[in-house]
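Coordinates in review
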Amino acid sequence: MIVDTVAGKVEGIDRGGVLQFRGIPYAWADRFCPPEPPAPWAGVRDATKFGPAAPQNPSPLDMILGSSREQDMAEDCLVLNVFTPGADAARRPVLVWIHGGGFTSGSGHMPAYNGTSLVCTADVVVVTFNYRLGVLGFLQLDGLLDDYAGSANNGIRDQLAALRWVRDNIADFGGDPQRVTIFGESAGGGSVTTLLACPEAAGLFHGAIVQSGTAEILLRPPAAADVAERILHQLELTPATADELLDVPADEVLAAQTAVEATLLQTRPPTDGSGPGYLQLPFQPVVDGDLIPQRPIPAIRAGSAAGIPLVVGTTKDEWNLFMLSELGRGPLSEERLRRRVERLAGPDAVDDVIALYRAVHPEASSNRLWCAMVTDRMFRMPAIQLAEAQVGNCDDVSMYRFDHPSSAFGGLPGACHAIDVPFVFGNVHLAGMEVLLGVVDEGTLQLADRCARAWLAMAQTGRPQHDDLDWPSYDLERRATCILHRKPAVIDDPEGEIRSFWNSRNLH
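In this report, we go over the structure that sits alongside the text. Throughout this description, residue numbers start from 1 for each chain and increase along the sequence as written. Residue-level local features of this predicted model are given only where pLDDT is at least 70; pairs of side-chain atoms are given and counted only at 80 or more, and the full residue set underlies all totals for whole chains, interfaces and linings. Note: side-chain values were computed over all heavy atoms of the structure, leaving out hydrogens and water.

**Quick look at unusual backbone geometry**
- Phi at Phe32 is positive, roughly 70°, even though this residue is not glycine.
- Between buried and exposed lies partly exposed: a residue is buried under 20% and exposed over 50% of the maximum accessible area for its type, with that area taken using a 1.4 Å probe on protein chains only. Exposure remark for Phe32: the relative accessible area of 2% places this residue in the buried category.
- Positive phi values are uncommon outside glycine, yet Phe409 reaches one of about 50°.
- Residue position: Phe409 is located in the loop between strand E12 (397-402) and helix H13 (421-424). The secondary structure listing takes helices from DSSP runs of H or I that are at least 4 residues long and strands from runs of E that are at least 2 residues long, numbered from the N terminus.

Next comes the structure, spelled out in structure tokens:
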């Protein structure tokens, strides 16, 4: 099948009645520069193979969602993939996926993100894409290299370029550019939240799904400048020689990135929140007053995404994924638990936090209490705050919690971070997913069908509810939350006492 795009013709492949167009350039960019429209090409471009992933270091994401490192990596990585029932004039709803990976890893062509199952379940078009990562996508060069101001948000600019490509081209692939829903998990969910607050994204999408993603830890310019200084130091450069960054081989850039990440992970965050520190990502979007004028939650509360239907939620045990080795050992000592809680919540809240979580989770070990605390502080509360911010600007806001646990590793992961991804794509059956999910039985398959159809319903109607899944809208009185499990249920304000406590802390 050959399809015309603005830049030229592309030829894809048919896989079981689903047309796939792989590795289509949506933009190009020199290092640290904003993306530009793709250069036109003559003839028909082969779109049967996935393009290169963005340069990145090895990541646990490779193991649990399928490796992106099986493909080549290159800085010329701004490509996308289209899955469609037909390149015709049908004007189908479009789902555009933004991958996760902490803004440092992943790609749009990882096996868990294959759009074939969604396309086979409903009459939709699915788009996945790559964007620049880590130093090469999110390094702030303002004040170092004047010609590269704004480089800290180039990864977000790539996402905007991909959405503009969808706007300008998707009708030729059977999609409707006026019915585009963006969805993403982890850093992809944070990207969706960022785009909801980004003026340049206005009109590029019409619905949003945020899975386990928060944009409330976006860096401030001083913190981003600190990260850039550390990268320069690691590469034995100075502000006076910063222009040499343009020529440093990508593998050396990645090595410096790894070293800086390791250092910052152990850094105690400043009390004023001005710098990167414990539990914070050093490479991510920056609230620069330009592309991202202000922090997303206040912007969304003020109406930056008015009228855009929203689904937002988390998994029940997000932080377990990052604590697997520790969960397999003995419980934390009381002293270690208290030190961690002090860094998470502040010294004045240690006793209150521990008492609250022990009351809500009386059977939990100390390390599982810690996982529950970080899950709430870093994922669940920002998700609730996002829903609260959008409720006054759109009637169609829906909240969920994904509770289905993994049986892998003796059940240690629980309903951990990223476990929902193969469910919403309908890909729990794919080879390799057992590393994350454990045993895939009939109940798993049924839940995957419900989840995938909910995401498809969102794309089609603006609401995730369907004939096999009750899912009321979220409001500030009832706070109805859909619990996605083998037997889905709706719970009003789950663990409301914990929500009230964290809200009282005025988190930002």
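**Considering the sheet that holds strand E2 (residues 9-11)**
- One bridge is not enough; two strands pair if DSSP finds at least two bridges between them. Spatial ordering of the open sheet is given by E1-E2-E5, a layout of three strands whose pairing is mixed. Bordering the open sheet on either side are strand E1 (2-4) and strand E5 (44-46), each of which pairs with just one other strand. Between one strand axis and the next, the sheet turns through 35° on average, direction left out of account.
- With three bridges connecting them, E1 and E2 associate as antiparallel partners. Counted as the bridge partner of Ile2 is Glu11 from E2. Helix axes are fitted to C-alpha atoms over the stretch in contact, other axes to C-alpha atoms as well, and angles between N-to-C directions run from 0 to 180 degrees.

**Topic: helix H15 (residues 442-461)**
- Expected span, for any helix, means 1.5 Å times one less than how many residues it has. Between its first and last C-alpha, H15 extends 28 Å over 20 residues, near the 28 Å set by a 1.5 Å rise per residue.
- For H15, the N-terminal cap is Asp441; the gap from its side-chain oxygen to the backbone nitrogen of Gly443 is 3.2 Å.
- At the exit of H15 stands Gly462, carrying a positive phi of roughly 85°. Here a polar contact is taken to be a pair of N or O atoms separated by no more than 3.5 Å, where protein atoms must pair a possible hydrogen donor with a possible acceptor and residues adjacent in sequence count only if both atoms sit in side chains.

**Let's talk about the environment of Phe50**
- Within the secondary structure, Phe50 is located in the loop between E5 and helix H1 (60-65).
- Judged by relative accessible area, which is 19%, Phe50 ranks as buried.
- Separated by 109 residues in the primary sequence, Phe50 and Gln159 place their C-alpha atoms 18 Å from one another.

**Describing the packing of helix H6 (residues 221-234) against helix H7 (residues 250-265)**
- Where H6 meets H7, the axes come as close as 9 Å, and the angle between the chain directions of the two elements is 125°. When the interaxial angle is binned, H6 and H7 end up oblique. The hand of the H6/H7 crossing is right-handed. Across from Asp226, Val227, Arg230, Ile231 and Gln234 in H6, the residues of H7 making contact are Ala256, Gln257, Ala259, Val260, Thr263 and Leu264.
- Of the residues in the contact of H6 with H7, the class split is six nonpolar, three polar and two charged. For this classification, under 35 degrees means roughly parallel, over 145 means roughly antiparallel, 65 to 115 means roughly perpendicular, and everything else is oblique. By definition, turning the near helix anticlockwise from the far helix through less than a right angle yields a left-handed crossing, and turning it clockwise yields a right-handed one. We call two residues in contact whenever any of their non-hydrogen atoms come within 4.5 Å of each other. Throughout, the ten residues Ala, Val, Leu, Ile, Met, Phe, Trp, Tyr, Cys and Pro are labelled nonpolar, Asp, Glu, Lys and Arg are labelled charged, and all others, Gly among them, are labelled polar.

**Thoughts on the sheet that holds strand E8 (residues 125-129)**
- Here eleven strands make up an open sheet; going across it, the order is E3-E4-E6-E8-E7-E9-E10-E11-E12-E13-E14 and the pairing mixed. Strands at the two margins of the open sheet, each flanked by one partner only, are strand E3 (13-15) and strand E14 (489-492). Each strand axis lies, on average, 25° off the axis of its neighbour in the sheet, ignoring direction.
- In this structure, strand E6 (residues 79-84) lies alongside E8, joined through four bridges in antiparallel fashion. Within E8, the position partnered with Phe83 by the bridge is Val126.
- Of the strands in this sheet, strand E10 (207-211), strand E11 (310-315) and E12 touch helix H12 (residues 366-391), which is tilted by about 165° from E11.

**Details of the packing of aromatic side chains**
- Aromatic pairing here means that ring centres of Phe, Tyr or Trp (its six-membered ring) are within 6.5 Å. Orientation follows from the plane angle: under 30 degrees is stacked, over 60 is edge-to-face, and everything else is tilted. One pass over the structure, following the stated rule, counts 16 aromatic pairs.
- Residues Phe21 and Phe173 carry aromatic rings whose centres are separated by 5.0 Å and whose planes lie at 85° to one another, so their mutual orientation is edge-to-face. Of this pair, Phe21 sits in strand E4 (residues 18-25) while Phe173 sits in the loop between helix H4 (154-169) and strand E9 (175-185); the two residues are 152 residues apart in sequence, bridging distant segments of the chain. This pair shows no difference in class: Phe21 is buried, exactly as Phe173 is.
- Following the ring pairs from residue to residue traces out a cluster consisting of Trp97, Tyr113, Phe183 and Phe425.
- Lying over the aromatic face of Trp41, Arg45 brings its terminal NZ or CZ to 5.2 Å of the ring centre. Here, a charge over a ring is recorded when the distance from Lys NZ or Arg CZ to the ring centre is within 6 Å and its angle to the ring normal is within 35 degrees.

**As for the pattern of salt bridges**
- The salt bridge definition used is simple: a Lys or Arg side-chain nitrogen within 4 Å of an Asp or Glu carboxyl oxygen. Inspection of every chain in the model, using the stated rule, returns 29 salt bridges.
- The partner of Arg338 in a salt bridge is Asp351, and the shortest N-O contact between them spans 2.9 Å. Of this pair, Arg338 sits in helix H10 (residues 334-345) while Asp351 sits in helix H11 (residues 350-360); the two residues are 13 residues apart in sequence, bridging distant segments of the chain.
- Here Arg380 makes a salt bridge to Glu495, at a shortest N to O gap of 3.8 Å. Of this pair, Arg380 sits in helix H12 while Glu495 sits in the loop between E14 and helix H16 (496-504), placing them 115 residues apart in sequence.
- For Arg380, a relative accessible area of 7% puts it in the buried group.
- Through salt bridges with shared partners, one network takes in Asp449, Arg450, Arg453, Asp467 and Asp468.

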